[in-house]
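# Examination of the molecular architecture
What follows is the residue order along each chain.
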Amino acid sequence: MSEKTAVLLLQMGGPDSLDAVHPFLMNLFTDRDIIKIGPSFLQPFIARRIVNKRAPHVAEYYRQIGGKSPIRELTEAQREGLQALLGENYRCFVAMRYSRPSTIDALAAIKREGIRRVVVLSLYPHYSKATTGSSVNELQRVLKEARADFELTFIDRFYDHPLYIKALAGKVMRGLQAFPDRKDVQIVFSAHSLPQSFIDEGDPYLDHIQETRRLVMEQVGEANHLLCFQSKASRVKWLEPSTEATIEKLAKEGKRNLLMVPLSFVSDHIETLYEIDIQYGEEAKGYGIERFERIESLNSDPIFLDCLADLVRTAKA
Ligand SMILES: C=CC1=C(C)c2cc3[nH]c(cc4nc(cc5[nH]c(cc1n2)c(C)c5CCC(=O)O)C(CCC(=O)O)=C4C)c(C)c3C=C
Ligand SMILES: [Fe+2]
Ligand SMILES: [Fe+2]
């Protein structure tokens, strides 16, 4: 047995080619932690109908951002950066919920290295049953099936970690500098939406998002800001107001300079590169917005990597 500690980074994943869009969406729409469609025995059939219809549209969005999701490469770069900071007593791995490397792949790799102690670090800053909850459930299922005996420590949220806030606030302050006068800028925090039913059932996601926004603005100082929600993906009621409706409303109120601040993700992917930059960017221009900017995603920002390293080093078993 190795004395080293493994760090297992949990992330959603994404299609790594246009052909992978359909299987990725099938994995997502058959996961009852993120979406329940009908009784469980029928879900795979209903999911296939939904995905057959959705995949060609979604594939077109991925085509426009380079033919795939960059989430695998960006998460791999975060893994390498974290490994370098933690040094040789640790070994870092990635498990993607709906693509490769899967949870099985990652646990098999940890086992091959003879490591028993594992710090599980979810890369979603804000806890939700739909995201971190789903990845942790998948991990528990794989462990049970493999009858694997790891000693696990979980880090399932870091929405208020001082280094996460510092990294994000730094991006916002740099974003503001791109405008001639910050007083004329409207900061638009755009969090990933979530069905309202999750919140009604006690999910802390919305509270976490609001706290991140409050802490970031504490550092950024005086500026106009508001919160809205992007990427609704089903017909039920999701968190509101939507980012699209908010951009239109701001334009109608005469706002001309927007700084988009996506929350909920720590790297670029379809929701930043397509949805904000291309889709909302074009819509904003149509409504008369003159400058539509987005803060850089955290990706391998050194302060963010320090945050991850601190979370691992201070994790309590
Ligand atoms: C079907 C229900 C969905 C819920 C609930 C949901 C919540 C949720 N998702 C993220 C982060 C990401 N989602 C991404 C893609 C994506 N998400 C859904 C569905 C739900 N998400 C779908 C169907 C898709 C695929 C794209 C599409 O068809 O529109 C991604 C991007 C992956 C990539 O391309 O790199 C991320 C990241 C959060 C944080 C969240 C709730 C808190
Ligand atoms: Fe989404
Ligand atoms: Fe999503």
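Residues numbered from 1 in each chain as written. Chains lettered and ligands numbered in written order. Predicted model: local features only at pLDDT ≥ 70, side-chain atom pairs only at ≥ 80, totals over all residues. Heavy atoms only, no water.

### Considering the packing of aromatic side chains
Taken as a whole, this structure holds four aromatic pairs when the rule is applied. Between phenylalanine 24 and tyrosine 98 the ring centres are 6.2 Å apart and the planes differ by 75 degrees, which places this aromatic pair in the edge-to-face class. On the criterion of sequence distance, the pair formed by phenylalanine 24 in helix α1 (residues 21–29) and tyrosine 98 in the loop between β2 (90–96) and α4 (103–112) is long-range, its members being 74 residues apart. Taking relative accessible area as the criterion, phenylalanine 24 reaches 6% and is therefore assigned buried. Residue tyrosine 98 is classed as buried on the basis of its relative accessible area, which comes to 3%. Between the aromatic rings of phenylalanine 158 and tyrosine 164, the centroid separation amounts to 5.4 Å while the plane-to-plane angle is 85 degrees, which identifies the pairing as edge-to-face. (Phe/Tyr/Trp six-rings, centres within 6.5 Å; stacked < 30°, edge-to-face > 60°. Helix = DSSP H or I, 4+ residues; strand = E, 2+ residues; numbered from the N terminus. Buried < 20%, exposed > 50% of the residue type's maximum accessible area, 1.4 Å probe, protein only.)

### Examining the side chain of serine 267
Along the chain, serine 267 turns up in the loop between β7 (257–262) and α10 (270–287). When neighbours within four sequence positions are excluded, serine 267 is seen to be in contact with Gln11, Ile71, Leu74, Gln78, Ser297 and Asn299. (Contact = heavy atoms within 4.5 Å.)

### Re a nonpolar patch on the surface
Together, Phe41, Leu42 and Phe45 make up an exposed nonpolar region whose accessible area comes to about 350 Å². Residue position: leucine 42 is located in the loop between α1 and α2 (43–64). When its relative accessible area of 33% is taken as the criterion, leucine 42 is described as partly exposed. (Patch = residues over 30% accessible without salt bridge, like charges linked within 9 Å, V, L, I, M, F, W, Y side chains within 5 Å. Areas by Shrake-Rupley, 256 points an atom, 1.4 Å probe, with all protein chains shown as cover. Salt bridge = Lys/Arg side-chain N within 4 Å of Asp/Glu carboxyl O.)

### Here we look at empty space enclosed by the protein
Tallied over the entire structure, the rule returns one cavity of 30 Å³ or more. Around the largest cavity, the lining residues are Leu168, Pro262, Phe265, Ser267, Thr272, Ile295, Glu296, Ser297 and Leu298. Of the residues that constitute the lining of the largest cavity, the class distribution is five nonpolar, three polar and one charged. (1 Å grid on protein atoms, 1.4 Å probe; cavity = no way out; pocket = protein on both sides within 12 Å on 5 of 7 lines; lining within 4 Å. Points joined across faces, edges and corners; volume = space filled by probe spheres on them. Nonpolar A, V, L, I, M, F, W, Y, C, P; charged D, E, K, R; others polar.)

### What about unusual backbone geometry?
In the segment running from arginine 100 into proline 101, the intervening peptide bond is cis, with an omega of -5 degrees. Mapped onto the fold, proline 101 is located in the loop between β2 and α4. A cis amide bond links glutamate 240 to the next residue, proline 241, at an omega of 5 degrees. Within the secondary structure, proline 241 is located in the loop between β6 (224–230) and α9 (243–252). Positive phi is not limited to glycine here, since arginine 147 has a value of about 45 degrees. Looking at arginine 147, the relative accessible area reads 76%, which means it is exposed. The backbone of asparagine 299 sits at a positive phi, close to 40 degrees, despite the residue not being glycine. One can find asparagine 299 in the loop between β8 (291–294) and α11 (302–313). When its relative accessible area of 16% is taken as the criterion, asparagine 299 is described as buried.

### Focus: the coordination of the iron ion (ligand 2)
For the iron ion (ligand 2), the full set of protein donor atoms is His192 (NE2) and Glu271 (OE), and the range of their distances to it is 2.3 to 2.4 Å. Between the iron ion (ligand 2) and the iron ion (ligand 3) there is a metal-metal distance of 2.9 Å. Taken together, the residues histidine 192 in strand β5 (residues 185–192) and glutamate 271 in helix α10 connect sequence positions 79 residues apart. (Donors = N, O, S within 2.8 Å, 3.2 Å for Na, K, Ca; no water.)

### What to know about the sheet that holds β8
Strand order in the open sheet formed by four strands is β6-β5-β7-β8, and the pairing between neighbours is parallel. If you trace the sheet from one side to the other, it starts and ends with β6 and β8, each paired once. Direction aside, neighbouring strands of the sheet carry axes that sit 25 degrees apart on average. Both β5 and β6 contribute to a ladder of seven bridges, which runs parallel. The residue bridging alanine 191 from the neighbouring strand is phenylalanine 229, located in β6. Strands in contact with helix α6 (residues 162–177) are β5 and β7; relative to β7, the strand with the most contacts, it is inclined by about 160 degrees. Sitting on the sheet, α10 touches β5, β6, β7 and β8, and the angle it makes with β8 is about 170 degrees. (Pairing = 2+ DSSP bridges. Axes fitted to C-alpha atoms, helices over the stretch in contact; angles between N-to-C directions.)

### Overview of the nonpolar core
Ranked by size, the top nonpolar core spans 72 residues in total, and within it Phe158, Val172, Phe304 and Leu308 carry the most contacts. Dropping the residues within four chain positions of it, valine 172 is found in contact with Ile187, Val216, Val220, Leu259, Val261 and Ile295. One finds Ala106, Val120, Leu139 and Phe150 within the second-largest nonpolar core, a separate group that totals 18 residues. (Core = buried A, V, L, I, M, F, W, Y, C linked by side-chain atoms within 4.5 Å.)

### As for the site of ligand 1
Ligand 1 sits among 26 residues. The nearest are Arg54, Tyr62, Ser69, His269 and Glu271. In this structure, an oxygen atom belonging to ligand 1 sits 2.4 Å away from a side-chain N or O atom of serine 69. Here a nitrogen atom of ligand 1 and a side-chain polar atom of histidine 192 are 3.2 Å apart. Isolated, ligand 1 exposes 800 Å² of accessible area, and the fraction of that covered by the protein chains is 95%. For the shell around ligand 1, the secondary-structure elements that each account for two or more residues are α1, α2 and α10. Here the element with the most residues in the shell around ligand 1 is α1; it accounts for four residues. Partitioning the shell around ligand 1 into residue classes produces 17 nonpolar, seven polar and two charged. Residue contributions to the shell around ligand 1 reach at least three from each of two domains, namely domain 1 (18–64) and domain 2 (162–294). (Near = heavy atom within 4 Å. Polar contact = N/O pair within 3.5 Å; in protein donor to acceptor, adjacent residues only side chain to side chain. Domains from an automatic or database assignment.)

Honestly, it's all geometry; don't read function into it.
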